[in-house]
Amino acid sequence: MDQTNQPDCGEQLDEAGSRENVPQNGTSETVKCPEPQKPEVTRDLKRLAGPLTGQTVKRKKKLFLYGNYDRYYGYRNNREAPKEDVRLPVFMEQRAFIEGKRMLDIGCNNGSLTLLIAEHCRPASVVGIDIDRNLIGAARNNLAVRQKACDSEALQNVQFRHINYVYADEELLECEKPQYDVIFCLSVTKWIQLNFGDAGVKLAFRRAYRQLHPGGRFVLEPQPWDSYKHRKKLSPEILANFRAIQFRPDAFREYLLGDEVGFREVMELKIPSGGAGSKGFRRPIYVFQK
């Protein structure tokens, strides 16, 4: 290839790493209400109607366009890291491919499960990323709290970053080099597809493959297709993306093992059971190996 036409990987990845094309509405979108205007009241109206009562303006609720619920894991306070998750025992049984490894958690939310994996499975380093700046702030707060409350050695190499994993420029994929041994993508694929379409989730899969060292694992917990319809009306863009989806979750496995991505094998973990966690997280979990 003509060197003049190749992307400047160093410069572009540095810039992408700091911003990662996070949409301006990447945080929980809040619809602001305008300040109510004070009505003009004549003396006659005051005399007839009496004192005016304060006007009440209903605030529109937050729109979590990226599945970035501050209580996504079903806990009362997004600033508090829970002490259990129904999926944790499953990962502890597979601790061998996590312990001492370099780990990435895509869509880490408030970092609750990320921190539990770090504490119980002891990866060498952990990077948790999320598209929501507020959730990353909560994750960093949870990290600080847990470092004080437990063995901080397990958490000293944990960090959280505000990142959109789906590149705006697909050419940046050519710049990716292996840097992780295990990548988690738990309950994220639905939101990638609803916001960035089939192309977005395929790009995320290909990026994960490129970021893994040979023998590395991609841990995938896809939401079932039936769950998509419940969120399709969050915005006109999401509705349009939903109607255009042809790459459904039941096709993910074949795609990831095919030539376009290239994973060589897959193992299905048992569906998490027991515990007090959300029933929504009792889904099949797949581990693809590079």
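It should be emphasised that the depicted structure is a prediction, and the values quoted were computed from it without experimental measurement. (Residues numbered from 1 in each chain as written. Predicted model: local features only at pLDDT ≥ 70, side-chain atom pairs only at ≥ 80, totals over all residues. Heavy atoms only, no water.)

### Some details on the packing of helix 6 (residues 189-211) against helix 7 (residues 236-244)
Across the interface, helix 6 lies against helix 7 with an axial gap of 8 Å and an inter-helix angle of 45°. With respect to their mutual orientation, helix 6 and helix 7 come out oblique. Two packed elements cross with a definite hand, and for helix 6 against helix 7 that hand is left-handed. Only Glu237, Ile238, Asn241, Phe242 and Ala244 of helix 7 make contact with helix 6, whose side of the interface consists of Gln193, Leu194, Asn195, Phe196, Gly197 and Asp198. When its residues are assigned to classes, the contact of helix 6 with helix 7 shows five nonpolar, four polar and two charged. (Axes fitted to C-alpha atoms, helices over the stretch in contact; angles between N-to-C directions. Helix = DSSP H or I, 4+ residues; strand = E, 2+ residues; numbered from the N terminus. Parallel < 35°, antiparallel > 145°, perpendicular 65-115°, else oblique. Left-handed = near helix turned anticlockwise from the far one by under 90°. Contact = heavy atoms within 4.5 Å. Nonpolar A, V, L, I, M, F, W, Y, C, P; charged D, E, K, R; others polar.)

### Thoughts on the pairing of strand 4 (residues 180-186)
Counting buried positions along strand 4 yields seven of seven residues, so the element is predominantly enclosed. Looking at chain direction, strand 1 (residues 102-106) and strand 4 are connected through four bridges and run parallel. Along strand 4, the bridge assignment pairs Leu104 with Ile183. Alignment of strand 4 against strand 5 (residues 212-221), held across six bridges, turns out to be parallel. Opposite Tyr180, over in strand 5, you have Leu212 as the bridge partner. What joins strand 4 to strand 5 is helix 6, and the crossover it makes is right-handed. (Buried < 20%, exposed > 50% of the residue type's maximum accessible area, 1.4 Å probe, protein only. Pairing = 2+ DSSP bridges. Right-handed = clockwise from strand over helix to strand, strands pointing away.)

### Overview of unusual backbone geometry
The phi dihedral of Asn109 is positive, around 55°, even though this residue is not glycine. Along the chain, the position of Asn109 falls in the loop between strand 1 and helix 4 (112-121).

### Let's talk about the sheet that holds strand 5
Sheet architecture is open: seven strands sit in the order 3-2-1-4-5-7-6, paired in mixed fashion. Each having just a single partner strand, strand 3 (158-162) and strand 6 (265-269) make up the two edges of the open sheet. In this sheet, adjacent strand axes meet at a mean angle of 20° when their direction is disregarded. Pairing of strand 5 with strand 7 (residues 285-289) involves four bridges; the strand directions are antiparallel. Each residue of the ladder has a partner; that of Val219, found in strand 7, is Val287. Contacts between helix 5 (residues 133-149) and the sheet are confined to strand 2 (125-130) and strand 3, with strand 3 contributing the most and set at about 165° to the helix. Sitting on the sheet, helix 6 is in contact with strand 1, strand 4 and strand 5, with an inclination near 155° to strand 5.

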